[in-house]
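Chain by chain, the residues:
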Amino acid sequence: MTTDALAGLKVLDLSWVVAGPLIGRTLADFGAQVVRVESSVRVETARLMQPFHGGVQDKEGSALFGNCNAGKLGLTLDLKSPEGQQVVRDLVAWADVVVESFSPGQLAKWGLDYDSLRAGKPDLVMLSTSIAGQHGPWSTLAGFGNVGSSLSGFQHLTGYADRLPMGTFGPYTDYVGPRLALVTLLAALENRRRTGEGAYIDVAQVEAGIFFLSPQVAHFGYDGTIAERHGNADAQHVPHGVFACRPEDGKDRFVAVAARDTSEWRALAVAIDRPDLAERADLADADGRRVAEAEIDEAIAAWTAGRSATDVEELLQGVGVPSYLAVNSDDYPTDTQLAHRGHLVELPHPTHGTTVVEGPRYALSETPGRPRAAAPTLGQHNEQVLTDILGYDAERIAVLTEGGILR
Amino acid sequence: MFWEAYAAGKRGVALDLDAEGDVADLRRLAAVADVVVTSWPRALLERLGLDPATLRADRPELICTVVSAFGWDGPKASYADTDLVVWAAGGPLAPHRDGDLPPLRISVPQAFLHAAADAAAGTMLAVLARGTTGRGQVVDVSAQEAVGVATLARVLATAVGDDHPEWQTTPGVRTGRTDQSGSGAATPNSLKKWHCADGMVELHLSMGPAAGGFTNNLFAWLAQESAVSEEIAAWDWRVLPERLVSGELTHDDLDEARAAVRAFLLTKTKAEVLDAAIGRRLLCMAIFDMADIAGSPHLAERGFWGEVAVGERDVRIPGRMAQVRGPEGPRVRGRAPALGEHNDVVLKEWLGRA
């Protein structure tokens, strides 16, 4: 029989968009009970973002929202009202963990900041995630992950050397912050298990992003080198690029190809019908190949152009050369390796019949995680949360409803 | 520098995997460890008897975390990999294009950092589970799976029936859908980069109820310095999508607004833009490089940096991935080890070797 790693853990999720909600998503996958509070009036941004079920923009149709919030219980609440804030206080009394992503200082205005909340609950573990952190000159900076990716260096480091910085795909630090936040939160929970001590965790997306550029930071600190963008080229490996293949159904197709050492390079050269390149002494090491990089890339591109991306991947991997189709949304559900791992998970959905979310990225053999249910629709679990978790009676709930608090 | 940064604070043991005695020592170290983390190839681990099944056979309390490009098993588990190949396989590469050029990765390796952070989380979940059950387990991390999140759920588009691969972002054109994110996640790159007096600025003219207010703040700044017509300054960007859909405003009007912003930003420095972003609540940001980051007063004041010795020099690296009150949080505790630097002390402390 398997148990859940986080069985019995109770989490209040006051976060929104991506960086905060992804934390609670993992906690829910591994067995925590997560109550997510949001507003049905000021609809949270992720509900308005692509992709959408059936391609139709709808606040109950965002697959991004679904991916960030699967398995949570949904409560709609007017947090600006004193009555709404009292519901939050009651939920804090129930919870082991609070996750929030309001602008720094906002919760203090409502008396819901860590210092206020821990007064009645010293073992509370609370995590705040923001762009630049809870204190410091930039702490009042508004923003999403694209601000984080500008200030952490990623914007500058993505693009071609001779063109505008391209920036990352989407708000990149939204993908980094929650991972480092989660590790820290889980460590705080282990500490609490051992000592009974609570914790307050302040995660700044900018700092998390810079953490993923630690080698470039160190390089600057060592000798002043400023890392620059350089397309798909790599500091170690040549060749190293993305090549156009035969279009399919009118759509461009690409494959990533690299060689990590001389034997992979020679295997690649032979595979692309250029044994002459394999034999050239000046191309035996990466430095030599870098001098001839344009010539090599041209040879690879000439070979890939007439082939399907899948064929290229299979032919090259067949001789041990790193390569993979540039997987797009159409490919993702049928990728055999992802399917083998059960990465995409179908879940029943009250509006759409079924929905699809990503599963956990790590398989735990004894306490595996999995999304337990689709993300909540607006207010889907109001009754359940207020009655079963908080023990409110019908009269109290009616007062909240009539007062417009549960919106 | 990769090693100096990411091996900081570790002890280093160097062993010869072709020497049976050294491999035996490695097995002995694994036999007393609470957690074994490895990214070695599966075939090598199995040959050395260091695979999870072997290590855990007599020690069910052991946690074994294996990190790989595609996962421990499956049809492509033994594929040759690099950072770029994983980026392609996991989804972030394909949609990230600059015009007609091939898809683009970030210029420095990232895929296995996502996998590493996930491995740390997976390991901590196993540690927490062991606290209850007393049993360890195998944590099998796939970098390919890890990077799916870095697509803002784009990898789910076909699975949920969204067949608009080129997402339209401005209302009133083609699909009529609006990018109402604050980040401009679905807006073309060229519309989000602006030159300023001493570099570049990232700015998305967000519209819609959730984030349009930030653009109102920007135009209030322009109006204050007489850099935009009164008519445009009066727009409420929170309701702009409706006005564009209704035809009340046109894309020529939008272009005029953009032109005003473009001319205005050319007169401002990165520092001025950053100050205004904070003071006026703008979604407008200077594009920083490593020198800008190193000079940040904010990061210094927050005690973000750790200092480690690299050769003869003291070098700053990111020191805290998160800041913690209460228990002491994660922090860099020392420099990366030299090759085999701690052989003696580790073999003594862990194995009782004299």
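Residues numbered from 1 in each chain as written. Chains lettered and ligands numbered in written order. Predicted model: local features only at pLDDT ≥ 70, side-chain atom pairs only at ≥ 80, totals over all residues.

Considering the overall build of chain A
Across its full length, chain A holds 17 helices and twelve strands. Overall size of chain A, expressed as C-alpha extent along the three principal axes, is 85 × 50 × 45 Å. When each of the 407 residues of chain A is scored for burial, the buried share is 58%. Taking all contacts inside chain A whose residues are at least 6 apart in sequence as the whole, residues at least 24 apart take part in 66%. (Helix = DSSP H or I, 4+ residues; strand = E, 2+ residues; numbered from the N terminus. Buried ≥ 20, exposed ≤ 12 C-beta atoms within 10 Å, placed from the backbone. Contact = placed C-beta atoms within 7 Å.)

Some thoughts on the overall build of chain B
Of the regular secondary structure elements, chain B holds 15 helices and nine strands. The C-alpha atoms of chain B give 26 Å as radius of gyration, which overshoots the globular expectation for 354 residues (20 Å, by more than 25%). For chain B, the C-alpha atoms occupy an extent of roughly 80 × 50 × 40 Å along the three principal directions. Excluding contacts between residues fewer than 6 apart, the proportion of contacts in chain B whose partners are at least 24 apart in sequence is 64%. (Rg over C-alpha atoms; globule rule 2.2 N^0.38 Å.)

Regarding the sheet that holds strand β6 (residues 284-286) of chain B
All names here are of chain B. One open sheet holds the three strands; their spatial order is β4-β5-β6, and the pairing between them is antiparallel. A single partner strand is all that each edge strand has here, and the edge strands are β4 (193-196) and β6. Ignoring which end each strand starts from, the neighbouring axes of this sheet average 30° apart. Two strands pair when backbone bridges link them, and strand β5 (residues 199-203) and β6 are joined in this way by three bridges, in the antiparallel orientation. (Pairing = 2+ DSSP bridges. Axes fitted to C-alpha atoms, helices over the stretch in contact; angles between N-to-C directions.)

Topic: the pairing of strand β2 (residues 63-68) of chain B
Residues and elements named next belong to chain B. Of all the six residues making up β2, six are buried; the element is thus mostly covered by neighbouring parts of the structure. In this structure, β2 lies alongside strand β3 (residues 138-142), joined through five bridges in parallel fashion. Considered in β3, the bridge of Cys64 is made with Val138.

Focus on the domain arrangement of chain A
For an interface, size is often stated in terms of accessible area lost upon the parts coming together. You can read the domains of chain A as domain 1 (10-212 + 336-402) and domain 2 (240-331). For domain 1 of chain A versus domain 2 of chain A, the separation of C-alpha centres amounts to 41 Å. (Domains from an automatic or database assignment.)

Let's talk about the interface of chain B and chain A
Each partner contributes to the interface: chain B provides 130 residues, whereas chain A provides 134 residues. Looking at the side of chain B that touches chain A element by element, the count peaks at 16 residues for helix α6 (residues 111-133) of chain B. For the side of chain B that touches chain A, a count of residues per class yields 75 nonpolar, 32 polar and 23 charged. As defined by bridge partners, strand β12 (residues 362-364) of chain A adjoins β3 of chain B across three bridges and the pair is classed as antiparallel. The residue of β3 of chain B that forms the bridge with Tyr362 of chain A is Val141 of chain B. (Nonpolar A, V, L, I, M, F, W, Y, C, P; charged D, E, K, R; others polar.)

A closer look at the sheet that holds strand β2 (residues 33-38) of chain A
With mixed pairing, the seven strands of this open sheet are ordered in space as β3(A)-β2(A)-β1(A)-β4(A)-β5(A)-β6(A)-β9(B). The sheet terminates laterally at β3 (73-76) of chain A together with β9 (323-325) of chain B, the two strands that pair on one side only. Strand-to-strand twist across the sheet, computed as the mean angle between neighbouring axes with direction ignored, equals 15°. Relative to β2 of chain A, strand β1 (residues 10-14) of chain A is paired through four bridges, and the arrangement is parallel. Counted as the bridge partner of Asp13 of chain A is Arg36 of chain A from β2 of chain A. The sheet contacts of helix α7 (residues 173-195) of chain A involve β5 (125-130) and β6 (199-204) of chain A together with β9 of chain B, and relative to β6 of chain A the element is tilted by about 170°.

Topic: the nonpolar core
Val255 and Ala256 of chain A together with Ala88 and Val201 of chain B are the most contacted members of the largest nonpolar core, which has 220 residues in total. Sort the elements by how many residues they give to this core and α6 of chain B lands first, with 15 residues. Mapping this core onto the domain boundaries places at least three of its residues in each of domain 1 (10-212 + 336-402) and domain 2 (240-331) of chain A. Discounting residues that sit within four places of it in the chain, Val255 of chain A has contacts with Phe243, Cys245, Thr304, Ala309, Val312, Glu313, Ser323, Tyr324, Leu325 and Ala326 of chain A. (Core = buried A, V, L, I, M, F, W, Y, C linked by C-beta atoms within 7 Å.)

A closer look at the confidence of the model for chain B
All names here are of chain B. In this model, chain B carries a mean pLDDT of 92, and residues with pLDDT of at least 70 account for 93%. Every residue in residues 167-177 is under pLDDT 50, and counting partners more than four places away or in other chains gives 20 contacts. Reported for the predicted complex are a pTM of 0.93 and an ipTM of 0.98. (pLDDT = per-residue confidence, 0-100.)

Some details on the packing of helix α1 (residues 21-29) of chain A against α7 of chain A
Residue and element names in this part refer to chain A. Interhelical geometry of α1 versus α7 gives an angle of 50° and a closest axis separation of 9 Å. In terms of their interaxial angle, α1 and α7 are classed as oblique. α7 is crossed by α1, and the crossing has right-handed handedness. On α7, the residues that touch Leu22, Ile23 and Thr26 of α1 are Pro178, Ala181, Leu182 and Leu185. (Parallel < 35°, antiparallel > 145°, perpendicular 65-115°, else oblique. Left-handed = near helix turned anticlockwise from the far one by under 90°.)

What to know about the packing of helix α2 (residues 20-32) of chain B against helix α15 (residues 343-351) of chain B
Any two packed helices are characterised by the angle at which their axes cross and by the distance between the axes. Residues and elements named next belong to chain B. The N-to-C vectors of α2 and α15 enclose an angle of 50°; their axes lie 10 Å apart at closest approach. The pairing of α2 with α15 is recorded here as oblique in orientation. In the crossing of α2 with α15, the sense of the turn from one axis to the other is left-handed. In this structure, α2 contributes Asp25, Arg28, Leu29 and Val32 to the contact, and α15 contributes Leu347, Trp350 and Leu351. Split into classes, the residues belonging to the contact of α2 with α15 amount to five nonpolar, no polar and two charged.

Observations regarding the pairing of strand β7 (residues 305-310) of chain B
Residue and element names in this part refer to chain B. The two faces of β7 differ: Gly306, Val308 and Val310 on one face are buried, but Trp305, Glu307 and Ala309 on the other face are not. Pairing of β7 with strand β8 (residues 313-318) involves six bridges; the strand directions are antiparallel. When the sheet's bridge partners are listed, Gly306 is paired in β8 with Ile317. Counted between consecutive antiparallel strands, the loop separating β7 from β8 contains two residues, among which Gly311 sits at a positive phi close to 60°.

Side note on unusual backbone geometry
All names here are of chain A. With an omega of -10°, the peptide bond running from Gln50 to Pro51 counts as cis. Its location among the elements puts Pro51 in the loop between β2 and α2 (63-69). Geometrically, the link from Val238 to Pro239 is a cis peptide bond, its omega value of -5° lying close to zero. Locating Pro239 in the fold gives a position in the loop between α9 (214-223) and β7 (240-244). For Asp273, which is not glycine, the phi torsion reads 65° and is therefore positive.

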